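Chain by chain, the residues run as shown.
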Amino acid sequence: MTGRSVSQDPQSGEEFYGAELRRRREAAGLTQADVGDRVVCSPSLIAHFEAGRRTPSLEDAQRLDAVLGTDGFFVRMRRTLGRIRFAGHFEAAAEAEQLATFIEEYAVSLVPGILQTERYARAVFRGFQPHETVHSIDKKVANRIERGHILDKPEAPKVWVILSEGVMRCAVGGPDVMAEQLRHLAALGRSGRVLVQVLPHGVGAHATMNSMVCLMRFADAPDLAYVEGLHTGALTDDPPLVRRYRDAYDLARAAALPPEVSLELLESAAEDYNHARS
């Protein structure tokens, strides 16, 4: 599964891209299922492309050109859209995240993006890119907060997050920012919108200690796994590899504190940060 979130503006380049794809597919006498078979994706993904809800990745655009005999048209047109809002290695994962029905993530060092508060996200970007302009940081923060609105949708995915204890102990942005962020996490857990567990340092070595991992399930597509390092990330739907990530996540989940105990720990840590700022 590839692509990214796109504007719903009916005048957008994405809408035109989708309309052109539909016109050329129909002119070729092909159904969405026909094109999906040849591009190696589901008919529903082709429908998303044609509706302008998603933009094909470069690889998908290349396959569309090959299937429809359009001599590079969709590759060239994709380059004109200019709407990429995320780092290249995260672009496809960000799109998949918006379509997932179930998201499970182990966070090794930072609160997952869709759960970050505005001030926490700003501190993360400022620490990671200290030479960026205020305007650039503002845009990145806005994009990250927009990702979090996925939890406000009626069809919001189920979310299960395991946090390394180090996530709550690292004072990103200072005590005030961390107190707010941990209270936010606890509130999401208390509301039932997110299931949160903390994996304490006392567990020692465990299956996911070397990397974050995010697992995503979909109604009409294979499961995906995403892992990320510094300036790099990998999204895969390779079944054996996804199973290995799943096994590692399940082992971490088994070692983590129960949800209620985890929420109490988050709330206690938030209070500790409150005291630290006074």
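Notes on the structure in this doc start here. Note that the structure is predicted; figures quoted are calculated from it, not measured.

## Comments concerning the overall build of the protein
- Each helix and strand counted, the protein has 12 helices and six strands in total.
- A compact globule built from 278 residues should have a C-alpha radius of gyration of about 19 Å, and the protein, at 20 Å, falls within 12% of that.
- Dimensions of the protein along its principal axes, counting C-alpha atoms only, are 65 × 40 × 35 Å.
- Taken over 278 residues, the protein has a buried fraction of 47%.
- Here the protein has roughly 13,400 Å² of accessible surface; of this, 54% comes from carbon and sulfur atoms.
- The protein carries 33 positive and 38 negative side-chain charges, and their two centres are separated by 3 Å.

## Observations regarding the side chain of H48
- Following the sequence through the fold, H48 ends up in helix α3 (residues 43-51).
- A relative accessible area of 18% places H48 in the buried class.
- Excluding anything up to four places from it in sequence, H48 contacts R53, R54 and L99.

## A short note on the pairing of strand β5 (residues 224-229)
- Bridge count for strand β4 (residues 213-217) against β5 is three bridges, and the pairing is antiparallel. Each bridged residue has a counterpart across the sheet, and for L215 the counterpart in β5 is A225.
- In textbook terms, the turn of a hairpin is the stretch between consecutive antiparallel strands, and for β4 and β5 this stretch comprises six residues.
- Where β5 lies against strand β6 (residues 232-236), five bridges are found, and the strand directions are antiparallel. Each residue of the ladder has a partner; that of Y226, found in β6, is L235.
- Counting the residues between successive antiparallel strands, the hairpin from β5 to β6 contains two residues, one of them, H231, with a positive phi of roughly 60°.

## Things to note about the sheet that holds β4
- Read from one edge of the open sheet, six strands run β3-β2-β1-β4-β5-β6, paired in mixed fashion. The outermost strands of the open sheet, each flanked by one partner alone, are β3 (194-199) and β6. If you compare each strand with its neighbour and ignore which way they point, the axes differ by 10° on average.

## Let's talk about helix α2 (residues 32-39)
- Among all positions of α2, only V35, G36 and V39 are buried. For α2, the angular spread of buried residues about the axis comes to 100°, placing them on one side.
- After α2 finishes, the residue V40 shows a positive phi value of roughly 70°.

## Topic: the nonpolar core
- Core analysis: the largest hydrophobic core is formed by 43 residues, its most contacted members being L115, L163, L182, V194, M216 and L266.
- Counting residues in hydrophobic clusters, the runner-up holds 17 residues, among them L21, V35, V67 and V75.

## A closer look at the side chain of R246
- As for its position among the elements, R246 is in helix α11 (residues 239-255).
- Judged by its relative accessible area of 18%, R246 falls in the buried class.
- Discounting residues that sit within four places of it in the chain, R246 has contacts with E104, L215, R217 and R253.

## Quick word on the pattern of salt bridges
- Evaluated as defined, the whole model comprises 20 salt bridges.
- A salt bridge links R253 to E104; the nearest nitrogen and oxygen atoms lie 3.1 Å apart. Highlighted residues: R253 in helix α11 and E104 in strand β1 (residues 102-107), separated in sequence by 149 residues.
- Relative accessible area serves as the criterion here: at 0%, E104 is assigned to the buried category.
- Measuring nitrogen to oxygen at the nearest pair gives 2.7 Å for the salt bridge that ties R119 to D176. Of this pair, R119 sits in helix α7 (residues 118-128) while D176 sits in helix α10 (residues 175-191), placing them 57 residues apart in sequence.
- Take R119: its relative accessible area is 35%, and that puts it in the partly exposed class.
- The class for D176 is partly exposed, based on a relative accessible area of 28%.
- A network of salt bridges, in which partner residues are shared, links E104, R217, R246, D250 and R253.

## Focus on the packing of α2 against helix α4 (residues 58-68)
- At a minimum axis separation of 9 Å, α2 and α4 run at an interaxial angle of 115°. Crossing geometry of α2 relative to α4 is assigned as right-handed. Counting all contacts with α2, which are made through V35, R38 and V39, the residues of α4 involved are D60, R63, L64 and V67.

## Digging into the environment of E260
- Within the secondary structure, E260 is located in helix α12 (residues 259-277).
- What makes E260 partly exposed here is its relative accessible area of 40%.
- In the structure, E260 is positioned 70 residues away from R190 in sequence and 8.8 Å away in space, judged by C-alpha atoms.

Calculation notes
Residues numbered from 1 in each chain as written. Predicted model: local features only at pLDDT ≥ 70, side-chain atom pairs only at ≥ 80, totals over all residues. Heavy atoms only, no water. Helix = DSSP H or I, 4+ residues; strand = E, 2+ residues; numbered from the N terminus. Rg over C-alpha atoms; globule rule 2.2 N^0.38 Å. Buried < 20%, exposed > 50% of the residue type's maximum accessible area, 1.4 Å probe, protein only. Areas by Shrake-Rupley, 256 points an atom, 1.4 Å probe, with all protein chains shown as cover. Lys, Arg positive; Asp, Glu negative; His and termini not counted. Charge placed at Lys NZ, Arg CZ, Asp CG, Glu CD. Contact = heavy atoms within 4.5 Å. Pairing = 2+ DSSP bridges. Axes fitted to C-alpha atoms, helices over the stretch in contact; angles between N-to-C directions. Arc of directions from axis to C-beta. Core = buried A, V, L, I, M, F, W, Y, C linked by side-chain atoms within 4.5 Å. Salt bridge = Lys/Arg side-chain N within 4 Å of Asp/Glu carboxyl O. Left-handed = near helix turned anticlockwise from the far one by under 90°.

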